[in-house]
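What follows is the residue order along each chain.
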Amino acid sequence: MKSVFVLPGDGIGPETVGQALRVLEHLQKVGGLEIRLSEGLVGGASIDQHGVPLTEETAAQALASDAVLLGAVGGPKWSDVAYHLRPEQGLLDLRKAMGLFANLRPATCFPALVDASSLKPELVEGLDIMVVRELIGGVYFGEPRGIETLADGQKRGVNTQAYSTHEVRRVARVAFELARQRDGRVCSVEKSNVMESGIVWREAVTALHAEEFSDVGLSHMYADNCAMQLVREPKQFDVIVTDNLFGDILSDAAAMLTGSLGMLPSASLGTSGAPGLYEPIHGSAPDIAGQNIANPCATILSVAMALRWQLGRADLAECIETAVNGVLGDGLRTRDILRATSGAQAVSTSEFTDAIIRKL
Ligand code: IPM
Ligand code: MG
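Residues numbered from 1 in each chain as written. Chains lettered and ligands numbered in written order. Predicted model: local features only at pLDDT ≥ 70, side-chain atom pairs only at ≥ 80, totals over all residues. Heavy atoms only, no water.

(A) Expanded view of the overall build of the protein chain. What the protein chain contains, in helices and strands, is twelve helices and 14 strands. Taking 2.2 N^0.38 as the reference for a compact globule, 360 residues should give roughly 21 Å; the C-alpha atoms of the protein chain span a radius of gyration of 20 Å, in line with that estimate. Referenced to the eigenvectors of the C-alpha coordinate spread, the extents of the protein chain come out at roughly 60 × 50 × 40 Å. Every one of the 360 residues in the protein chain was classed for burial, and the buried ones make up 54%. (Helix = DSSP H or I, 4+ residues; strand = E, 2+ residues; numbered from the N terminus. Rg over C-alpha atoms; globule rule 2.2 N^0.38 Å. Buried < 20%, exposed > 50% of the residue type's maximum accessible area, 1.4 Å probe, protein only.)

This is the structure we're talking about:
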């Protein structure tokens, strides 16, 4: 039996994960889904209990499972903890420990939400982009890093952006393979006009393409241009592959094209067969935590990604996606996607999930 390790985390994480678990439990009852669930602590929740954002036991448990479902980490409550012990570090350490080098962030526009986007409907209708973000390299992990005090008393903060051929090739491979199942186009994004790491990135992607993926279309774009193109004409993209920091930024922009960060799931994958990490991309949203108003879709759709990519139940993944689309089609909205859509009905986190479960 497959096992899913659940890390609700902080802020709205426990609420949206709680709803996703209701969906999973329902599928266990009616969908013939056989999984074993266990739960642990990460981020601020782990700091409160253990003094660190990720314990070795938790990391080991994650590695021993088939898939990890994570809510979100962080919040103002932990703004005073030491920098290397902040909640976000728990997530970064978990990604590293699990070897999750490829972060898949789909930005798909649900038909019922075309009007919720800040862009004109015709620009986002039918939008279906997959951002593949490198997740355990680049400036997030590069050495040297730190803050030093200069002779004149000023401070100097240092981070290092570095990529080796191997790190680029393994994430580019994921992007090319995904493109083969989609529209067959990859856009590789870096800034090789100013960064040596960008030159290595572009060369490695180009070489892998020539060796193994010449059936896939490959284009290159500088990251600043990509940011501009995403808001100018987003439908030009199929798969975008980019580094850790550019991927962090561009995936937020791509996500918002679809109407709300609250809609979008993600999957982080390592070598084939290793457990993946599934999480909404929205973060902990401390300002709305504990009010039962958060959008549960991103977490529930992350469960769908886990079912498809890791748990061998693509059929159930499709059921979830159809149910979410159906509930939106019925006019139900959590507050984050209510704005700008007329005639829709505001519902709570749990009411939205009730409706999804009814559809299932
Ligand atoms: C994300 C988040 C994280 C990141 C933070 C919480 C560390 O913004 O998953 O996009 O920067 O990777
Ligand atoms: Mg981010």
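So that's the structure; there's more coming.
(B) Up close: the domain arrangement of the protein chain. Domain boundaries assigned for the protein chain yield domain 1 (1-102 + 263-360) and domain 2 (128-256). A separation of 25 Å is found between the C-alpha centroids of domain 1 and domain 2. Each partner contributes to the interface: domain 1 provides twelve residues, whereas domain 2 provides 14 residues. Note on domain 1 versus domain 2: buried area summed over both sides is about 1,200 Å², and carbon and sulfur give 73% of it. (Domains from an automatic or database assignment. Contact = heavy atoms within 4.5 Å. Buried area = accessible area lost by both parts, 1.4 Å probe.)

(C) Summary view of the nonpolar core. In terms of nonpolar packing, the biggest core is built from 91 residues, with L104, V132, L230, M263, L307, I320 and V324 touching the most fellow members. Both domains that furnish three or more residues to this core are identified here as domain 1 (1-102 + 263-360) and domain 2 (128-256). Residues in contact with V132, not counting those within four places in the same chain, are N103, L104, V171, V174, A175, L178, V239, I240, V241 and T242. Counting residues in each nonpolar core, the second largest holds 15 residues, with F5, V73, L91 and L100 among its members. (Core = buried A, V, L, I, M, F, W, Y, C linked by side-chain atoms within 4.5 Å.)

(D) View of the packing of helix α1 (residues 13-30) against helix α10 (residues 297-309). Remark: α1 packs on α10, axes separated minimally by 8 Å, with the N-to-C direction vectors making an angle of 45°. Taken together, the axes of α1 and α10 lie oblique to each other. Viewed along their axes, α1 and α10 form a crossing whose handedness is right-handed. Along its contact with α1, which presents T16, V17, A20, V23, L24 and L27, the element α10 presents T299, I300, V303 and L307. Among the residues making up the contact of α1 with α10, the classes are represented as eight nonpolar, two polar and no charged. (Axes fitted to C-alpha atoms, helices over the stretch in contact; angles between N-to-C directions. Parallel < 35°, antiparallel > 145°, perpendicular 65-115°, else oblique. Left-handed = near helix turned anticlockwise from the far one by under 90°. Nonpolar A, V, L, I, M, F, W, Y, C, P; charged D, E, K, R; others polar.)

(E) Just the site of ligand 1, in detail. Near ligand 1 the following residues occur: E88, R95, R105, R133, Y140 and D248. Here D248 contributes a side-chain N or O atom positioned 2.9 Å from an oxygen atom of ligand 1. Computed on the free molecule, ligand 1 has an accessible area of 320 Å², of which 75% lies beneath the protein chains in the complex. Of the residues belonging to the shell around ligand 1, the class tally is one nonpolar, no polar and five charged. (Near = heavy atom within 4 Å. Polar contact = N/O pair within 3.5 Å; in protein donor to acceptor, adjacent residues only side chain to side chain. Areas by Shrake-Rupley, 256 points an atom, 1.4 Å probe, with all protein chains shown as cover.)

(F) The arrangement of the pattern of salt bridges in detail. As enumerated under the stated definition, the model contains 17 salt bridges in all. Among the salt bridges present, the one from E279 reaches R95, with a minimum N-O distance of 3.4 Å. Taken together, the residues E279 in strand β12 (residues 276-280) and R95 in helix α4 (residues 87-97) connect sequence positions 184 residues apart. What makes R95 buried here is its relative accessible area of 5%. A salt bridge links R173 to E212; the shortest N-O distance between them is 2.6 Å. (Salt bridge = Lys/Arg side-chain N within 4 Å of Asp/Glu carboxyl O.)

(G) Just the environment of P296, in detail. Its place among the elements puts P296 in the loop between β12 and α10. Between the C-alpha atoms of P296 and M256, which are 40 residues apart in sequence, the distance is 16 Å. Beyond its immediate sequence surroundings of up to four residues, P296 is in contact with T16, Q19, T334, T349, F352 and T353.

(H) Fine view of the state of the cysteines. All chains considered together, the criterion is met by zero disulfides. The closest cysteine sulfur to the non-disulfide-bonded C319 is located on C297, 16 Å from its own sulfur. (Disulfide = S-S within 2.5 Å.)

(I) Examining the sheet that holds β12 more closely. Reading across from one edge, β2-β1-β3-β12-β11-β4-β5-β10-β8-β9 is the order of the ten strands in this open sheet, with mixed pairing throughout. The open sheet is flanked by β2 (35-39) and β9 (217-222), the only strands paired with a single partner. Across the sheet, the axes of successive neighbouring strands diverge by a mean angle of 20°, strand direction being ignored. Looking at chain direction, strand β1 (residues 2-9) and strand β3 (residues 67-72) are connected through five bridges and run parallel. Pairing of V4 across the sheet is with A67, part of β3. Against the sheet, helix α7 (residues 196-212) contacts β5 (128-134), β8 (185-190), β9 and β10 (239-242), and its axis sits at roughly 175° relative to β9. (Pairing = 2+ DSSP bridges.)

(J) The arrangement of unusual backbone geometry in detail. With an omega of 0°, the peptide bond running from E143 to P144 counts as cis. Relative to the helices and strands, P144 is located in strand β6 (residues 142-149). One non-glycine residue, N292, lies in the positive phi region at around 60°. Relative to the elements of secondary structure, N292 occurs in the loop between β12 and α10. Of the residues examined, N292 reaches a relative accessible area of 29% and is grouped as partly exposed.

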